[in-house]
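Descriptive structure summary
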Amino acid sequence: MNNADKIYNLAVSGVQKLVPYTPGKPIEELERELGLTHIIKLASNENPLGPGKKALAAIQATLKDLALYPDGNGFNLKRALADKYAVEMSQITLGNGSNEILELVARAFLTPKLEVVFSQHAFAVYPIVTQAVGATAVVAPALNYGHDLDAMLQRVTDKTRLVFIANPNNPTGTLLNHADLETFIGALPDTCICVLDEAYCEFVGDSSADTSIAWLNLYPNLLITRTFSKAYGLAGLRIGYGLSSPQLADILNRVRQPFNNNMLALAAAEAALSDTEHLQNTLAINTQGMQLITEGFKKLGLEWIPSAGNFVLVDMKQPALPIYEALLRKGVIVRPVGVYQLPNHLRITIGTQAENQLFLNALIDVLA
Ligand SMILES: *Cc1c(COP(=O)(O)O)cnc(C)c1O
C-alpha cells in the first residue's frame, strides 16, 4: 500500500464510502473543453434573470466594508426574515447556503449509532451529510417518483434521529400536499427531528411559503430550510436559513462557525427579501418557460414529471447520458440524474424564453 492509500484508510468509514456530489458543469469548463461560445446552462436550478437590482445595490454599498468581519449573528437579515414570516429572531439559523444548515443538523444530532430516513430520488446532499458523520442512511422507496410518507414512517424507529423531506423535491419536482405532510410530522416520535427542505417553496405559489411556518409552533422537532440560491437568484453568494423552535436553532448555532455568512451575502439577501418585483418576474418567467418546455416535450413524444419547482425531469426512454453529451456539444448544459437512480432522465432548469427555445432546438436536433 502506498502512502496515499494509507491516508484514505485513515478517514472515518462513512467518508471512505462517500460519493462526492457532482455539480452541474460550469460554463467556463465547457468553453475550455470544447472551445464553444454562447453556452447556456440549464443544469443547476439557478435564476435565469440573475440577481435582482436591490440585491446588487446592497452589494455595491457593502463593498467598502469588506476589510471588516461580517456580523456573526446576521442581525439585519434575521430581523427581515422574522418580520416577513412572523417568527422570532431566535428561531432563525443562517447558513452558507441552506446546504450548510443540512450539514449543521447532521453534525449536531447524529452519531454512528443513529439512523436517518429519506426517500429514494431525494436530494443528493442528504446521504452525503449522513455518511460524513458515520450515521446510517435508511432509504424509503419512492412513490410515483415522489416521497412515500407511509413508507418513510414505517422505517422510523427509536434509532431514527433525523428525517429529510424535500418539498418540492429536487430532482423530481414532486410536491406533497400540506395535510399529508403535517400528519406525517405529527406522527414522528419527538426523538426524531424532521428537516423540511423548502429550497423551491417560492415557486409553488399560493400561500405555500407560509403554511409550514405555522407548524413551527406545534412541533419543536421541525426544522424548515430555505435558500436565496433559487428564486432569489443569489446562488453564488451562498446564503440560506433554517426556521425552527428556538431550542433547535440554539443547538445549530452552537456548531456553526462564528462568521459562516459573508458580508455581501447578508446584505444582498436582506435586500432581496424586499424585492417583490424581481420575485414576481422570476415566477412569471418560470411559469412561461415550464409551459414552453413541456409543450416541446409533448411534441417530441416525451414524458415528464409534473414539477412544482424551476426545473423539470424528462424521461428520454433510453440512457440519458449520451443525449446529455450530445447537448453539451451543442453548447447546452443540462443535468443527468444517474446518481439519483434515474439513468433515463434528464433534469432541465427553466431558463429565459430564448434559452428554453435554444434547448428545445438542440434537443430536436439530437433526437433527429
Ligand atoms: C438547491 C437546493 C438546496 C440548497 O442549496 P443552497 O444553495 O445550499 O442553499 C437545498 N435543497 C435542495 C433540494 C436543493 O435543490
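Residues numbered from 1 in each chain as written. Predicted model: local features only at pLDDT ≥ 70, side-chain atom pairs only at ≥ 80, totals over all residues. Heavy atoms only, no water.

All buried positions along helix α4 (residues 53-62) are accounted for by A55, A58, I59 and T62. Axial view of α4: buried residues confined to an arc of 100°, hence all on one face. Exposed and oriented more than 90 degrees from the buried face of α4 are K53 and Q60. In this structure, the buried residues of α4 make contact with α13 (263-273). (Buried < 20%, exposed > 50% of the residue type's maximum accessible area, 1.4 Å probe, protein only. Helix = DSSP H or I, 4+ residues; strand = E, 2+ residues; numbered from the N terminus. Arc of directions from axis to C-beta. Contact = heavy atoms within 4.5 Å.)

This next bit is on the nonpolar core. Core analysis: the biggest nonpolar cluster contains 53 residues, and L77, L81, V163, I165, L222, F228 and L243 have the highest contact counts within it. Taken domain by domain, the makeup of this core includes at least three residues from each of domain 1 (23-50 + 277-367) and domain 2 (53-273). Other than its neighbours up to four places away in sequence, F228 contacts L77, L81, G233, L234, A235, I239, G240, Y241, A269, A272 and L273. (Core = buried A, V, L, I, M, F, W, Y, C linked by side-chain atoms within 4.5 Å. Domains from an automatic or database assignment.)

So, about the site of the ligand. Taken together, the residues surrounding the ligand are G97, S98, N99, F123, N170, D197, A199, Y200, T227, S229, K230 and R238. A distance of 2.9 Å is found between an oxygen atom of the ligand and a side-chain nitrogen or oxygen belonging to N99. At a separation of 2.7 Å, an oxygen atom of the ligand approaches a polar side-chain atom of R238. Surface burial for the ligand is 94%, taken as the share of its 380 Å² of free accessible area covered by protein chains. Here the residues of the shell around the ligand are counted per class, giving 3 nonpolar, 6 polar and 3 charged. (Near = heavy atom within 4 Å. Polar contact = N/O pair within 3.5 Å; in protein donor to acceptor, adjacent residues only side chain to side chain. Areas by Shrake-Rupley, 256 points an atom, 1.4 Å probe, with all protein chains shown as cover. Nonpolar A, V, L, I, M, F, W, Y, C, P; charged D, E, K, R; others polar.)

On to the pattern of salt bridges, then. Inspection of the entire model under this criterion finds 8 salt bridges. Two residues, R226 and E198, come together in a salt bridge whose shortest N-O distance is 2.6 Å. One end of the pair, R226, is in strand β7 (residues 222-227); the other, E198, is in the loop between β6 (193-197) and α10 (201-204), and 28 residues separate them in sequence. The exposure class assigned to R226 is buried, which follows from its relative accessible area of 0%. Given a relative accessible area of 2%, E198 falls into the buried group. (Salt bridge = Lys/Arg side-chain N within 4 Å of Asp/Glu carboxyl O.)

Turning our attention to the side chain of K41. Structurally, the position occupied by K41 is in strand β1 (residues 40-41). Within polar-contact distance, the side chain of K41 engages the side chain of S44 at 3.3 Å. Polar contacts involving the side chain of K41 include one to the side chain of E46, which spans 3.2 Å.

With that settled, the discussion passes to the side chain of T294. Relative to the helices and strands, T294 resides in helix α14 (residues 276-299). By relative accessible area, T294 is classed as buried at 12%. Not counting residues up to four positions away in its chain, the partners in contact with T294 are W304 and V312.

The next subject is the packing of aromatic side chains. Any aromatic ring pair is given by two values, namely how distant the centres are and how the planes are angled relative to each other. Enumeration according to the criterion identifies 10 aromatic pairs in this entry. When the ring of F228 is compared with that of Y232, the centres are 5.1 Å apart and the planes differ by 50°; the resulting orientation is tilted. Each member of the pair, F228 as well as Y232, carries the same accessibility label: buried. Joined through ring pairs, the aromatic side chains of Y85, F228, Y232 and Y241 make up one cluster. Its guanidinium or amino end placed over the ring of Y85, R226 lies 5.0 Å from that ring's centre, counting from NZ or CZ. Geometry around F311 places R347 over its ring, the cationic atom sitting 5.9 Å from the centre. (Phe/Tyr/Trp six-rings, centres within 6.5 Å; stacked < 30°, edge-to-face > 60°. Lys NZ or Arg CZ within 6 Å of the ring centre and 35° of its normal.)

Annotation of the chain at the domain level lists domain 1 (23-50 + 277-367) and domain 2 (53-273). Here the C-alpha centroids of domain 1 and domain 2 sit 26 Å apart. Each side of the interface is counted separately: domain 1 has 24 residues, and domain 2 has 23 residues. Linking domain 1 with domain 2 are 0 salt bridges. Connecting domain 1 to domain 2 are 6 residue pairs in polar contact (both at pLDDT 80 or more). Of all elements in the fold, only α14, β10 (311-315) and β13 (342-349) reach the threshold of two or more residues within the side of domain 1 that touches domain 2. Here the side of domain 1 that touches domain 2 takes 5 residues from α14, the largest share from any one element. For the side of domain 1 that touches domain 2, the class distribution of residues is 10 nonpolar, 12 polar and 2 charged.

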